[in-house]
Amino acid sequence: MFRFLVVLHLFVIPYAFYVIRDDAAHPERWDTWYRNPSNSIPYCLVMEAVILGSCYQIGREHQRREGIRLLSEAIELRKQGRYREADIAYQEGCRLADLRR
């Protein structure tokens, strides 16, 4: 999903700039709401924010899953009697999963 959003961002945003530049050069098209640059520029900014926000959320969720995996690993290490490695994995897991003691 993350790669899809990056590819979408790389192709759609430059195309949007091209369309806005072309529409800005032709005021006769501005009677259609999506051809008017005063409407399309804020729309493009909102879509950019949605794409970047989605990328941030996907990355944060991946980091949280990695933290939970480390917490599970810490439990297994503690069962094996490897307390030092378990404490390190636990602290790193808490940091990644954004858990506070």
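Our structure's up above, just so we're on the same page.
Procedures and definitions
Residues numbered from 1 in each chain as written. Predicted model: local features only at pLDDT ≥ 70, side-chain atom pairs only at ≥ 80, totals over all residues. Heavy atoms only, no water. Helix = DSSP H or I, 4+ residues; strand = E, 2+ residues; numbered from the N terminus. Rg over C-alpha atoms; globule rule 2.2 N^0.38 Å. Buried < 20%, exposed > 50% of the residue type's maximum accessible area, 1.4 Å probe, protein only. Contact = heavy atoms within 4.5 Å. Areas by Shrake-Rupley, 256 points an atom, 1.4 Å probe, with all protein chains shown as cover. Salt bridge = Lys/Arg side-chain N within 4 Å of Asp/Glu carboxyl O. Patch = residues over 30% accessible without salt bridge, like charges linked within 9 Å, V, L, I, M, F, W, Y side chains within 5 Å.

Q: Help me out: how do you make sense of the overall build of the protein in this one?
A: Across its full length, the protein carries three helices and zero strands. Ordering the α and β elements of the protein from the N terminus gives α-α-α. In terms of C-alpha radius of gyration, the protein reaches 23 Å, well past the compact-globule figure of 13 Å for 101 residues. Seen along its three principal axes, the alpha-carbon backbone of the protein occupies a region of about 75 × 25 × 15 Å. Across the 101 residues in the protein, those meeting the buried criterion constitute 23%. Relative to all contacts within the protein whose residues are 6 or more apart in sequence, the contacts with residues 24 or more apart total 46%. With the model as given, the accessible surface of the protein reaches about 7900 Å², and the carbon-plus-sulfur share is 62%.

Q: Can you walk me through the pattern of salt bridges in this structure?
A: Think of it this way: side chains of opposite charge can pair up when their charged atoms draw near. The final tally for this structure, using the stated rule, is ten salt bridges. Glutamate 92 is the salt-bridge partner of arginine 95, the closest N and O atoms lying 2.6 Å from each other. Of the two residues, arginine 95 and glutamate 92 are both situated in helix H3 (residues 83-97); the distance of three residues between them amounts to about one turn of the helix. On the basis of relative accessible area, glutamate 92 is assigned to the partly exposed category, the value being 31%.

Q: Please explain a nonpolar patch on the surface as it appears in this structure.
A: Taken together, the side chains of Phe2, Val6, Val7, Leu10, Phe11 and Val12 make up a nonpolar region of the molecular surface, amounting to roughly 550 Å² of accessible area. Mapped onto the elements, valine 6 comes out in helix H1 (residues 2-24). A residue is classified by how much of its surface remains accessible, and valine 6, at 31% relative accessible area, is partly exposed.

Q: In this structure, what is going on with unusual backbone geometry? I would like to understand it.
A: What you tend to see is this: most non-glycine residues have negative phi, and most peptide bonds are trans. Positive phi is not limited to glycine here, since aspartate 98 has a value of about 60 degrees. Summarising the element assignment, aspartate 98 is placed in the segment after H3.

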